[in-house]
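Survey of secondary and tertiary structure
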There are 2 protein chains.
Amino acid sequence: MITRKELAKMIDHTELKASSGKKKIKKLCEDAVNFGFYSVCINSCHTKFASDILKNTNVEVCVVAGFPLGANKTEVKAAEAKKAVEDGAGEIDMVINNGLLREGDYEYVERDIRKVVEASYPAHVKVILENCYLTNEQIVKGCEISVSAGAKFVKTSTGFGAFGALPEHVKLMRETVGANIGVKAAGGIKNFKDTWRLIKAGANRIGASAGVSILEGLSLYKYAEDAWLEPEIPCHICPARHVSITSVPKSIFKYYKKRCSNCKYKNKYNKFYE
Amino acid sequence: MITRKELAKMIDHTELKASSGKKKIKKLCEDAVNFGFYSVCINSCHTKFASDILKNTNVEVCVVAGFPLGANKTEVKAAEAKKAVEDGAGEIDMVINNGLLREGDYEYVERDIRKVVEASYPAHVKVILENCYLTNEQIVKGCEISVSAGAKFVKTSTGFGAFGALPEHVKLMRETVGANIGVKAAGGIKNFKDTWRLIKAGANRIGASAGVSILEGLSLYKYAEDAWLEPEIPCHICPARHVSITSVPKSIFKYYKKRCSNCKYKNKYNKFYE
């Protein structure tokens, strides 16, 4: 069983919308202090503003770089990370170059990450793979490259892709990176049930805008611990709800179509057969 | 009436997906040459690769900066633009700081744009407002600031927001900036009918991944010119199809809910009343 305090300390309280200004960031920081979250996760233009609010607190400032597409030139990602650290960021969540990873240009991808790791020192770097566009083999490769390039965490998703964190992806990432590297689950995590399944699958950090709801859900948990683990089928983080021919690359669509063809719930959502 | 050649020269042939690698960019460049598009519009990591393919052609390289959220630190957006121009970009499509525009911090927003304009010289800068998160008044203000900061174009959308180009927004932007500044419509433009309505509303540049389909649609146009202008109601670029309480800020949701309450088709899509 997890305490409310322990759970809060696993959460990066997140506000990354294009439309969010200082008012939202101020509220985010205040909530992070009040609820005891690990960090606030924000866009780079807000770093200084959030750092000033959070100085003399235990809440870390986590800033995204090359977000959410990861297709920026390496030097630009590194510059964004460096400036964020100068402005007070303690953690950097960078997005991997997903397109070049998919094409197998591992040398580029590793250099891209290493440059951000170097620019971020002494802040730790999480590498967002954006799993929704990757096969399991590519997820494993992305994790291996990230660790080799000096990342301290791998992370499932940006929250801006076709779908977010899946328990099975978290499990795969944890198996790949071992116990000494962090696994952050993010994207589409709305409540304690989602969170708990992802923690049980191996996540030790959760990225979510719904941090407050997640904590509230914990108080219900003690009355029905088993119920939380049994998924609604297909639960809302099942690929079948999100994968369609327009939302992901054709090869990934085929990959999930084949994979999900063995699922007994395959007809409940029929996006693969439209 | 527009010729196929004229139409092609209004199109920025676009490939901005996180999952796209060099293979997609190569095809994009080849199609742009073969069909005579104005430019290819790409992420910054591909600038050099595309410029090399397109040297000795008439196709421009257009690169996005601070894309698609616009919430990067100003210096990072400017660095991305500068490096893209060094790598061969002739145009920069930057994203405005939508969150701070909404909060009325016009001084910040104007400086943000001006720094990118300066860093991009001699390349021209388009400013993407991401209209889906703005009221009409904010769109007007965003256009005025962009022009004042030295932008050569204003642009409706990133294609990653809640919805894309609307004819009414294009009309408003054209009225605001006058005849000497460009208006680029982008986001959700799938066919010639969409394109033609946006051109008639005042757009002189179109950003789309569907450039080839758009050109193909033109050949049908000559048989039924009037049919193209009559929208399917609500057409797929109507806000009522996309605006929901989760897709846009609450204030914008209320704005459209009120605005659309006068529409005789309001019950056809009921997202405002869910």
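Residues numbered from 1 in each chain as written. Chains lettered and ligands numbered in written order. Predicted model: local features only at pLDDT ≥ 70, side-chain atom pairs only at ≥ 80, totals over all residues. Heavy atoms only, no water.

**Some remarks on unusual backbone geometry**
This is how it is decided: Helix and strand assignments follow DSSP, with helices taken as H or I runs no shorter than four residues and strands as E runs no shorter than two, numbered in order from the N terminus.
Put simply, Tyr121 of chain A and Pro122 of chain A share a cis peptide bond, and its omega is 5 degrees. In this structure, Pro122 of chain A sits in the loop between helix H6 (106-120) and strand S5 (124-128). You will see that Asn56 of chain B, though not glycine, has its phi angle at about 65 degrees, which is positive. Note on placement: Asn56 of chain B falls in the loop between helix H3 (47-54) and strand S3 (60-65).

**Points about the relation of the copies chain A and chain B**
What counts here: Here the copies are matched by least squares. The fit uses the C-alpha atoms of residues with pLDDT of at least 70 in both. Between two residues, a contact is recorded if the distance between any of their heavy atoms is within 4.5 Å.
When chain A is fitted to chain B, the best match, at an RMSD of 0.0 Å, comes from turning it 180 degrees and sliding it 0.0 Å along the axis. Here the transformation between the copies is reduced to the relation of a two-fold axis. Ranked by how close their C-alpha atoms come to the rotation axis, the residues of chain A are headed by Val76 of chain A, at 3.3 Å. Same-surface contact between copies: 100% of interface residues of chain A are shared with the interface of chain B.

**A look at the environment of Val170 of chain B**
Residues and elements named next belong to chain B. Inclusion rule: Relative accessibility decides the category of a residue: with a 1.4 Å probe and only protein chains considered, values under 20% of the type maximum give buried, values over 50% give exposed, and everything between is partly exposed.
By the element assignment, Val170 lies in helix H8 (residues 167-177). Taking the relative accessible area as the measure of exposure, Val170 reaches 0% and is therefore buried. Considering only alpha carbons, one finds Val170 and Ser209, 39 residues apart in sequence, at a separation of 19 Å. Once residues within four sequence positions are removed from consideration, Val170 is found in contact with Thr156, Val183, Ala185, Leu198, Ala201, Gly202 and Ala203.

**Remarks on the confidence of the model for chain A**
Under the convention used in this document: Confidence of the predictor at the level of single residues is captured by pLDDT, which takes values from 0 to 100.
Residues of chain A with pLDDT of at least 70 account for 91%, and the chain-wide mean is 91. Two summary scores accompany this predicted model of the complex, namely pTM at 0.94 and ipTM at 0.93.

**Structural notes on the interface of chain A and chain B**
This is how it is decided: Once two parts are joined, some of their accessible surface, as seen by a 1.4 Å probe, is lost; buried area is that loss totalled over both. What counts as a salt bridge is simple: a side-chain nitrogen of Lys or Arg found within 4 Å of a carboxyl oxygen of Asp or Glu. In the analysis that follows, any N or O atom pair within 3.5 Å is treated as a polar contact, provided that within protein one partner can donate a hydrogen and the other can accept it, and provided that, for residues neighboring in sequence, both atoms belong to side chains. All amino acids are sorted into three groups, where Ala, Val, Leu, Ile, Met, Phe, Trp, Tyr, Cys and Pro are nonpolar, Asp, Glu, Lys and Arg are charged, and the leftover types, Gly among them, are polar.
The interface is formed by 33 residues belonging to chain A together with 33 residues belonging to chain B. On the chain A side of the interface with chain B, the three residues burying the most area are Ala18, Ser19 and Leu69 of chain A, jointly 22% of the side's total. Inspection of the chain A/chain B interface yields 2 salt bridges. Asp87 of chain B is paired through a salt bridge with Lys73 of chain A; the nearest N and O atoms lie 2.6 Å apart. Linking chain A with chain B are 18 residue pairs in polar contact (both at pLDDT 80 or more), by the criterion used here. At the level of elements, helix H2 (22-35), helix H4 (74-86) and helix H5 (98-102) of chain A are the ones that each hand at least two residues to the side of chain A that touches chain B. With 5 residues, the single largest contributor to the side of chain A that touches chain B is H4 of chain A. For the side of chain A that touches chain B, a count of residues per class yields 14 nonpolar, 10 polar and 9 charged.

**Observations regarding the pairing of strand S8 (residues 205-208) of chain A**
Residues and elements named next belong to chain A. Filter applied, for reference: Two strands are counted as paired when DSSP detects at least two bridges linking them.
The side-chain alternation of S8 yields two buried faces, one formed by Arg205 and Gly207 and the other by Ile206 and Ala208. Two elements, strand S1 (residues 11-15) and S8, share 3 bridges in a ladder whose sense is parallel. When the bridges of S8 are listed, Asp12 appears paired with Gly207. Sheet analysis places strand S7 (residues 182-186) next to S8, joined by 3 bridges and oriented parallel. From the neighbouring strand, Lys184 faces S8, where its bridge partner is Arg205.

**Some remarks on the nonpolar core**
Counted only if it meets this: Nine residue types can take part in a nonpolar core, namely buried Ala, Val, Leu, Ile, Met, Phe, Trp, Tyr and Cys, and a core is a set of them joined through side-chain atoms within 4.5 Å.
Formed by 64 residues in total, the largest nonpolar core has its most connected members in Leu7, Val40, Ile92, Ile113 and Ile206 of chain B. In contact with Ile206 of chain B, other than residues within four places in its own chain, are Met10, Ile11, Asp12, Lys184, Ala185, Ile189, Thr195, Leu198 and Ile199 of chain B. Counting residues in each nonpolar core, the second largest holds 63 residues, with Val59, Val116, Cys143 and Val177 of chain A among its members.

**Describing the domain arrangement of chain A**
All names here are of chain A. Under the convention used in this document: An automatic or database domain assignment provides the domain bounds reported here.
By the assigned domains, chain A splits into domain 1 (4-229) and domain 2 (234-272). Taken over C-alpha atoms, the centre of domain 1 sits 25 Å from the centre of domain 2. Counting from both sides, the interface comprises 19 residues of domain 1 and, opposite them, 14 residues of domain 2. When domain 1 packs against domain 2, close to 1300 Å² is buried across both sides, 58% of that on carbon and sulfur atoms. At the surface where domain 1 touches domain 2, the tally comes to 3 residue pairs in polar contact (both at pLDDT 80 or more). The set of elements that each furnish at least two residues to the side of domain 1 that touches domain 2 consists of helix H7 (136-148), helix H8 (167-177) and helix H9 (192-201).

**Overview of the environment of Lys190 of chain B**
All names here are of chain B. Relative to the assigned elements, Lys190 resides in the loop between strand S7 (182-186) and helix H9 (192-201). Judged by relative accessible area, which is 54%, Lys190 ranks as exposed. Considering only alpha carbons, one finds Lys190 and Gly104, 86 residues apart in sequence, at a separation of 33 Å.

**A few points about the sheet that holds strand S5 (residues 124-128) of chain B**
All names here are of chain B. Quick note on the threshold: Comment: axis = line fitted to C-alpha atoms, over the contacting stretch for helices; angle = value between 0 and 180 degrees taken between N-to-C directions.
If you walk around this closed barrel you meet the 8 strands as S1-S2-S3-S4-S5-S6-S7-S8, and the pairing is parallel. Averaged over all pairs of adjacent strands, the angle between their axes in this sheet comes to 25 degrees, without regard to strand direction. As judged from the 3 bridges shared by strand S6 (residues 153-155) and S7, these two strands associate in the parallel manner. Following the sheet pairing, Lys155 is matched in S7 by Lys184. Strand contacts of helix H6 (residues 106-120): strand S4 (91-95) and S5, with the helix running at about 160 degrees to S4, the strand carrying the most contacts. Here helix H10 (residues 211-221) sits on the sheet in contact with strand S1 (11-15) and strand S8 (205-208), set at roughly 140 degrees to S1.

**Examining the packing of aromatic side chains**
Residue and element names in this part refer to chain B. Going by this rule: Centre distance within 6.5 Å is the pairing criterion for rings of Phe, Tyr and Trp, where only the six-membered ring of Trp is used; planes under 30 degrees apart are then read as stacked, over 60 as edge-to-face, and the remainder as tilted.
Counted under the stated rule, the structure contains 10 aromatic pairs over all chains. Ring centres 6.0 Å apart and planes at 25 degrees place the aromatic pair Phe35 and Phe37 in the stacked group. Exposure remark for Phe35: the relative accessible area of 28% places this residue in the partly exposed category. Ring geometry for Phe67 and Phe160: centres 5.4 Å apart, planes at 90 degrees, overall edge-to-face. Taken together, the residues Phe67 in the loop between S3 and helix H4 (74-86) and Phe160 in the loop between S6 and H8 connect sequence positions 93 residues apart. In this structure Phe67 comes out as buried when scored by relative accessible area, which is 5%. Judged by relative accessible area, Phe160 falls into the partly exposed class, the value being 37%.

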